[in-house]
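Coordinate analysis (summary)
Chain by chain, the residues:
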Amino acid sequence: MSKKITKICCIGAGYVGGPTMAVIAQKCPDIKVTVVDINSRRIAAWNDEDVDKIPVYEPGLSEVVAEARGRNLFFSTEVDKAIDEAEMIFISVNTPTKTYGKGKGMAADLKYIELCARQIARVAKDDKIVVEKSTLPVRTAGALKSILQNTGNGVRFDILSNPEFLAEGTAVQDLLAPDRVLIGGDSEESIRALADVYANWVPEKNILTTNVWSSELSKLTANAFLAQRVSSINALSELCEKTGADVNEVARAIGTDSRIGPKFLKASVGFGGSCFQKDILNLVYIAKSYGLNEVADYWEQVVLMNDHQKHRFADNIITTLYNTVSGKKIAFLGWAFKKDTNDTRESAAIHVADYLLNEQAEIVVYDPKVTEEQIYADLDYLNTRDEKENRKLVTVVNDPYKAMKEAHAVAVLTEWDEFRAYDWQRVYDTMLKPSFVFDGRAVLDREQLTDMGFEVYTIGVGR
Ligand code: UDX
Ligand code: ADP
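In the nomenclature of an unreviewed UniProt entry, the chain is known as UDP-glucose 6-dehydrogenase of Sinomicrobium pectinilyticum. Of the chain, the UniProt comment under Sequence similarities (unreviewed entry) reads exactly: "Belongs to the UDP-glucose/GDP-mannose dehydrogenase family." The UniProt entry for the chain carries this comment under Pathway (unreviewed entry): "Nucleotide-sugar biosynthesis; UDP-alpha-D-glucuronate biosynthesis; UDP-alpha-D-glucuronate from UDP-alpha-D-glucose: step 1/1."

Structure, rendered in structure tokens:
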């Protein structure tokens, strides 16, 4: 018999915690789900009466929140109270790459996880199941266990690894119909308790159980494989451009081989997001720490290829615009790391912009979901130039036609669907001539634009 879960607490109300708990609450009306965060602005936004103002944009999410919020889904800043009440605690706090000290730029920074563990240990007065939901390096569960057992009030903690496989932009769909749910742990009873939560809507055959280390490593491996596919096709995109091939045709041709499959073969200006780069660097760091240098070098190349792709896209803009972009207006369509999300972490757009700003370009950004505040924060974070300079060189607008008016060039950085539907003749009429378009996502109709008079560069397409 497994323990019946009636109250869940989730620490961290971000891109993972928010959507995951909203779906659990929707599907398990008998479980009280409380999502807590130390960021009171974020919690206030999750509680906003207008569900369209919740802090994470995901198609379908506001409807799920509207259904469950106030019924059995709660957002709060009272962390201790929620920990105390719950039988099961999910940790969904952020684990960014370290920006200091040992493992700088490589290892995951576990300080937020450790703070959570210490807080749980201090507050818990009865047995708890603690679930790692954040992406973590292998063996973090061991560290969690050690902190919980040595600093707790003598209660029992079972630690489970339950990695998240949702992709942003399709999070709700991925949560409602996951390919698999993975649960790693050593207590059969606790694994069953968590499996029973998911079994409310996920078929049993899709719920896989493993030991805790396999589960942790599977998450890093899945992301490394996916990112590797993107870097592989991106590497070929450069060769296609030189040889006159079209990478999209190559992708279609190889994707029909059932052993390869069609997904994650879309050439782009480079992958972004909070996971791919971080998880690979983590894998590299772990491999190096065991002295596995060949393994480390092999995976690191996926990230190096991605950096190259972003740089060569920016470089091509400069070369094409007669070797100088100084004082030239370049319109950016898209800033998010992919469509249908307002998340910008590690977005290729940030690095392409930074590169062009170093060449004194003037950038005007339009993104349907990303705020001006976020765009400036992303650039300021790089610390390449001071905040004043960023605000002088970069303008953010909420009208795409305004962004492109009198621009020397348009650069497509995110694959938002609406970009295809613009009145491109109208854009052409208002741009400077020659009118250049650099399509970093291969989303625009190249032939149609060329016929209108645009000079079109499409990633991976040879001229
Ligand atoms: C990823 C994993 O897919 C998910 O399982 C994990 O839980 C978290 O990390 P996410 O980062 O949200 O999800 O998005 P994903 O769809 O994987 O895209 C990552 C990046 O790769 C994006 O910048 C996307 O534009 C890029 N990409 C993806 C390509 O450039 N080409 C492709 O064919 C696919
Ligand atoms: P992810 O994509 O992993 O969900 P986010 O950065 O979107 O990452 O969300 C993580 C959330 O965790 C943030 O809102 C942050 O304020 C919260 N957080 C970090 N540490 C703690 C903590 N000790 N207690 C509560 N919340 C925390």
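A word on the overall build of the chain. Helices and strands together make up the secondary structure of the chain, namely 18 helices and 14 strands. The C-alpha atoms of the chain give 23 Å as radius of gyration, which agrees with the globular expectation for 463 residues (23 Å, within 12%). Its C-alpha atoms give the chain principal-axis dimensions of about 70 × 50 × 45 Å. The 463 residues of the chain split such that 54% are buried. Counting every atom, the chain has about 20700 Å² of accessible surface; 50% of that belongs to carbon and sulfur. Computed over 55 positive and 67 negative side-chain charges, the inter-centroid distance for the chain is 2 Å.

Moving on to the site of ligand 1. Close to ligand 1 lie 20 residues; Phe165, Glu168, Ser268, Lys338 and Arg441 are nearest. Leucine 265 is positioned such that a nitrogen or oxygen atom in its backbone is 3.3 Å from an oxygen atom of ligand 1. Of the residues forming the shell around ligand 1, the biggest block, 4 residues, is contributed by helix H9 (residues 212-243). Classifying every residue of the shell around ligand 1 gives 11 nonpolar, 3 polar and 6 charged. Counting contributing residues, the shell around ligand 1 receives three or more from each of domain 1 (7-210) and domain 2 (276-458).

It is worth spelling out the domain arrangement of the chain at this point. How big an interface is tends to be reported as the loss of accessible area on association of its parts. When cut into domains, the chain gives domain 1 (7-210) and domain 2 (276-458). On a C-alpha basis, the centres of domain 1 and domain 2 stand 33 Å from each other. At the interface, 24 residues of domain 1 touch 21 residues of domain 2. The contact between domain 1 and domain 2 buries some 1700 Å² in all, and 52% of this surface belongs to carbon and sulfur atoms.

To continue, consider the packing of helix H12 (residues 293-320) against helix H13 (residues 348-358). Running from amino to carboxyl end, H12 crosses H13 at an angle of 40°, the nearest separation of the two axes being 9 Å. With respect to each other, H12 and H13 are oriented oblique. In this structure, H12 crosses over H13, and the sense of that crossing is right-handed. Contact with H12, carried on its side by Lys310, His311, Phe313, Ala314, Asp315, Ile317 and Ile318, involves Ala348, His351, Val352, Tyr355 and Leu356 of H13 and no other residues of that element. Residues belonging to the contact of H12 with H13 are distributed by class as follows: 8 nonpolar, 2 polar and 2 charged.

Okay, the layout of surface pockets next. Reported here for the second largest pocket is a volume of approximately 530 Å³. Breaking the lining of the second largest pocket down by element, the ones donating at least two residues are helix H5 (111-123), helix H6 (140-151), helix H11 (276-289) and H12. The leading source of residues in the lining of the second largest pocket is H11, at 6 residues. Class assignment of the residues belonging to the lining of the second largest pocket gives a composition of 18 nonpolar, 3 polar and 6 charged. Of the residues that make up the lining of the second largest pocket, three or more belong to each of domain 1 (7-210) and domain 2 (276-458).

Taken together, 15 residues form the shell around ligand 2, and within it Tyr15, Val16, Asp37, Arg42 and Arg345 come nearest. The side chain of arginine 345 places a nitrogen or oxygen atom 2.8 Å from an oxygen atom of ligand 2. A total of 580 Å² of accessible area belongs to ligand 2 in isolation, and the protein chains cover 89% of it. The residue inventory of the shell around ligand 2, partitioned by class, reads 7 nonpolar, 5 polar and 3 charged.

Let us look at the nonpolar core. Judged by nonpolar contacts, the single largest core of 66 residues is most densely connected at Phe313, Phe332, Trp335, Leu356 and Trp424. Among the elements that take part in this core, H13 stands out by supplying 7 residues, more than any other. Setting aside chain neighbours within four positions, we find phenylalanine 313 in contact with Val269, Val352, Ala411, Val412, Leu413, Phe438, Asp439, Gly440, Tyr457 and Ile459. Ranked by size, the runner-up nonpolar core spans 45 residues in total, among them Cys10, Val23, Val33 and Ile183.

Next up on the list: the packing of H9 against H12. Between H9 and H12, the shortest axis-to-axis distance is 9 Å and the interhelical angle comes to 45°. When the axes of H9 and H12 are compared, the pair comes out oblique. Viewed along their axes, H9 and H12 form a crossing whose handedness is left-handed. Mapping the contact onto sequence places Ala224, Phe225, Ala227, Gln228, Ser231, Asn234, Ala235, Ser237, Glu238 and Glu241 in H9 and Tyr298, Trp299, Val302, Met305, Asn306, His308, Gln309 and Arg312 in H12. The residue makeup of the contact of H9 with H12, split by class, is 8 nonpolar, 7 polar and 3 charged.

The next point concerns a nonpolar patch on the surface. On the surface, Tyr290, Leu292 and Val295 cluster together into a nonpolar patch covering about 300 Å² of accessible area. Structurally, the position occupied by leucine 292 is in the loop between H11 and H12.

Along the chain, valine 172 falls in helix H7 (residues 171-176). In this structure, the C-alpha to C-alpha distance between valine 172 and glycine 462, residues 290 residues apart in sequence, is 37 Å. Not counting the four nearest positions on each side in its chain, valine 172 is found in contact with Pro59, Gly60, Leu61 and Val64.

A complete count under the given rule lists 25 salt bridges for this structure. Residue arginine 312 pairs with glutamate 241 through a salt bridge whose shortest N-O separation is 2.9 Å. On the criterion of sequence distance, the pair formed by arginine 312 in helix H12 and glutamate 241 in helix H9 is long-range, its members being 71 residues apart. Across this residue pair, the class does not change: arginine 312 and glutamate 241 are buried. By sharing partners, the salt bridges in this structure join Lys32, Lys81 and Glu85 into a single network.

Conventions we followed
- Per chain, the residues get numbers from 1 upward, laid out in the order the sequence is written.
- Written order determines the labels here, with chains lettered from A and ligands numbered from 1.
- The predicted nature of this model means local features are confined to residues of pLDDT at least 70 and side-chain atom pairs, given and counted, to a pLDDT of 80 or more, with totals for whole chains, interfaces and linings taken over all residues.
- Excluded from the side-chain calculations are hydrogens and water; all other atoms, namely the structure's heavy atoms, are used.
- UniProt positions are given in the numbering used here, feature names are shortened, and annotations may be inferred rather than shown by experiment.
- Strands are runs of DSSP state E lasting at least two residues, helices are runs of H or I lasting at least four, and both sets are numbered from the N terminus onward.
- Put simply, the radius of gyration uses C-alpha atoms, and a globule should come to 2.2 Å times the residue count raised to 0.38.
- Here the term buried applies to any residue with accessible area under 20% of the maximum for its type, exposed to any over 50%, and partly exposed to those in between, with areas from a 1.4 Å probe on protein chains only.
- In this description, accessible areas are obtained by the Shrake-Rupley approach with a 1.4 Å probe, and a residue is regarded as covered only by the protein chains that are shown.
- The charge count includes Lys and Arg as positive and Asp and Glu as negative, but it does not include His or the ends of the chains.
- Here the site of a charge means atom NZ of a Lys, CZ of an Arg, CG of an Asp or CD of a Glu.
- The near set for a molecule or strand comprises every residue that places at least one heavy atom within 4 Å of it.
- By the criterion applied in these results, polar contacts are pairs of N or O atoms within 3.5 Å in which, for protein atoms, one can donate a hydrogen and the other can accept it, and in which residues neighboring in sequence qualify only through two side-chain atoms.
- All amino acids are sorted into three groups, where Ala, Val, Leu, Ile, Met, Phe, Trp, Tyr, Cys and Pro are nonpolar, Asp, Glu, Lys and Arg are charged, and the leftover types, Gly among them, are polar.
- Segmentation of the chain into domains, including their bounds, is taken from an automatic or database domain assignment.
- Residues count as neighbours in contact if any of their non-hydrogen atoms are within 4.5 Å of one another.
- Accessible area that two parts lose when put together, evaluated with a 1.4 Å probe and summed over both, is termed the buried area.
- Each axis is a line fitted through C-alpha atoms, and for a helix only the stretch in contact is used; angles between axes span 0 to 180 degrees, taken between their N-to-C directions.
- Oblique is the label for any angle not covered by the other classes, which are roughly parallel (under 35 degrees), roughly antiparallel (over 145) and roughly perpendicular (65 to 115).
- Crossing handedness is defined as follows: a turn of the near helix away from the far one that is anticlockwise and smaller than a right angle gives a left-handed crossing, while the clockwise case is right-handed.
- Only protein atoms enter the 1 Å grid, on which a cavity is a set of points fitting a 1.4 Å probe that cannot get out and a pocket is an open set with protein on both sides within 12 Å along at least 5 of 7 lines, lining residues being those with an atom within 4 Å of a point.
- Grid points are joined across faces, edges and corners, and a volume is the space filled by probe spheres set on the points.
- What we call a nonpolar core is a set of buried Ala, Val, Leu, Ile, Met, Phe, Trp, Tyr and Cys residues that are connected through their side-chain atoms within 4.5 Å.
- Candidates for patches are residues over 30% relative accessible area with no salt bridge; among them, like charges are joined within 9 Å and nonpolar side chains (Val, Leu, Ile, Met, Phe, Trp, Tyr) within 5 Å.
- We count a salt bridge whenever a side-chain nitrogen from Lys or Arg sits within 4 Å of a carboxyl oxygen from Asp or Glu.

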